[in-house]
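# Results of the structural survey
Listed below are the residues making up each chain.
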Amino acid sequence: MNHLKTFVLLAVLTALFMGIGFMIGRVPGMLIALAVAGGMNIFSYWNADKIVLKMYRAQPVDESHPNAVVRTYVADTLQMARDAGMPRPMIAIIPNDQPNAFATGRNPQNAAVCATTGLLDMLTREEIRGVMAHELAHVKNRDTLTMTVTATIAGAIAALANFALFFGGGDDRERPGGIIGTLALMILAPMAAGLVQMAISRSREYEADRVGAEIAGDPNALASALQKIEAYAHRIHNPTAERNPASGQLFIINPLAGKGADNLFSTHPATGNRVRALMELAVKMGRPAPRPAPVAPEPRADVQRPATTSVPVTGDTVRRGPWG
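From a predicted model like this one, the values you see are computed outputs, not experimental measurements.

Definitions and cut-offs
Numbering of residues starts from 1 in each chain and follows the order in which that chain's sequence is written. Confidence filtering applies because this is a predicted model: local features only for residues at pLDDT of at least 70, side-chain atom pairs given and counted only at 80 or more, and all residues used for totals across whole chains, interfaces and linings. With hydrogens and water excluded, all non-hydrogen atoms of the structure serve as input to the side-chain values. Here a helix means four or more residues in a row that DSSP labels H or I, a strand means two or more in a row labelled E, and each is numbered from the N terminus. Accessible area is worked out with a 1.4 Å probe on protein chains only. A residue is then buried under 20% of its type maximum, exposed over 50%, and partly exposed in between. By definition in these notes, contact holds between two residues if any of their heavy atoms fall within 4.5 Å. Values of accessible area rely on a 1.4 Å probe in the Shrake-Rupley scheme; residue burial ignores everything except the protein chains shown. Pairing of aromatic side chains requires ring centres within 6.5 Å, counting the rings of Phe and Tyr and the six-membered ring of Trp. Pairs whose planes differ by under 30 degrees are stacked, by over 60 edge-to-face, and all others tilted. Here, a salt bridge means any Lys or Arg side-chain nitrogen found within 4 Å of an Asp or Glu carboxyl oxygen. In predicted models, pLDDT denotes the confidence assigned by the predictor to each residue on a 0 to 100 scale.

### Concerning the overall build of the protein chain
Within the protein chain one finds ten helices and four strands. Sequence-ordered secondary structure for the protein chain, helices as α and strands as β, is α-α-β-α-β-β-β-α-α-α-α-α-α-α. Residue burial in the protein chain is summarised as follows: out of 324 residues, 50% are buried. Considering only contacts within the protein chain whose residues lie at least 6 apart along the sequence, 72% involve residues at least 24 apart. Counting every atom, the protein chain has about 14800 Å² of accessible surface; 62% of that belongs to carbon and sulfur.

Here it is in structure tokens:
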């Protein structure tokens, strides 16, 4: 159903693009806008992973890392990738106190999965496995490709809207809807494309939850991890994400503190909805009912967390997690 929903939403984007081209009434403007947007997104497709990894100061790690927590994280991620029949991904850690994770890369052969130091410090081993299985699911489902295609069409729609005044041809009265219609097109078309893009992103998150739970074999662990991550994200800032909010959709939970519900402007589903879906899946898999996910109390400003992963932290002060 999620694959069908993604297909339908992509079809809506394509139809919107063609509709704008019709309203503008000029093929050259449509082709130029498509070429510009396509070129920008092709560049992003081949280089976005490198840009994001550098932006977040991601540091590759392997089985020889001196810290036992990191070695376990690497071993578990590689084992789940092998069990899922996937190529070996690059595994990295990000020096950030906010527990979170993301995957990037243009295909499974060139993929990277990353966890923050906060995630490794605050979650249990089973919860970390659940989170990384979710990220491996994004890689397996080729979500990077899906989102790149979506971004290409959405970018073309925005470019067409910007070119509308220049490629409409003739007098404003000759355009469908006149100048009012053109102005409405410039404002509403990119907004509509952005909403569809967000809907596709939310659909991909639900699918990655399902596939990730199957890879790890424990939907309850992922559900518990999502609850913990969201709770901590509300009070531990991610400075890099704050400076680059467009990268927020990469993470398993919105690093900008998240939203309380599935709304039109959210790139992430409501965590409560995701947890309910995972619990339903757990029942189908015959897993026992989960225990409530414990979350540490509000951290004191005068307590400095030891860096258990040997990676510099971001400066936020929080308590140590339950393992490592």
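### Some remarks on the packing of aromatic side chains
Summed over all chains, the structure comprises three aromatic pairs. Both rings, one in Tyr56 and one in Phe251, keep their centres 5.3 Å apart while their planes meet at 70 degrees; by these two values the pair is edge-to-face. Of the two residues, Tyr56 is situated in the loop between α2 (27-55) and β1 (59-60) and Phe251 in the loop between α9 (239-243) and α10 (271-284); the sequence distance between them amounts to 195 residues. When sorted by exposure, Tyr56 lands in the same class as Phe251, which is buried. Both rings, one in Phe102 and one in Phe251, keep their centres 5.0 Å apart while their planes meet at 75 degrees; by these two values the pair is edge-to-face. Within this pair, whereas Phe102 is found in strand β3 (residues 101-104), its partner Phe251 is found in the loop between α9 and α10, the two being separated by 149 residues in sequence.

### Focus on the pattern of salt bridges
For the coordinates displayed, the defined rule picks out nine salt bridges. When the shortest N-O distance is used, the salt bridge between Asp143 and Arg204 registers 3.2 Å. Here the residue Asp143 occupies a position in helix α6 (residues 143-167), and Arg204 occupies one in helix α7 (residues 178-216), the gap between them amounting to 61 residues. As far as burial versus exposure is concerned, Asp143 and Arg204 are alike and both buried. Asp209 is paired through a salt bridge with Arg274; the nearest N and O atoms lie 2.8 Å apart.

### So, the confidence of the model for the protein chain
With 72% of its residues at a pLDDT of 70 or more, the protein chain shows a mean pLDDT of 79. Considering only residues more than four positions removed or in separate chains, one finds that residues 299-307, a stretch of pLDDT under 50, has 21 contacts. Here residues 313-324 is modelled with pLDDT under 50, and outside its nearest four sequence neighbours on either side it reaches 50 contacts, counting other chains as well.

### A word on unusual backbone geometry
Although it is not a glycine, Arg57 sits at a positive phi angle of roughly 55 degrees. Structurally, the position occupied by Arg57 is in the loop between α2 and β1. Classification of Arg57 by relative accessible area gives partly exposed; the value is 47%. A positive phi angle, close to 55 degrees, is found at Arg142, a residue other than glycine. Note that Arg142 resides in the loop between α5 (125-140) and α6. Residue Arg142 is classed as partly exposed on the basis of its relative accessible area, which comes to 40%.

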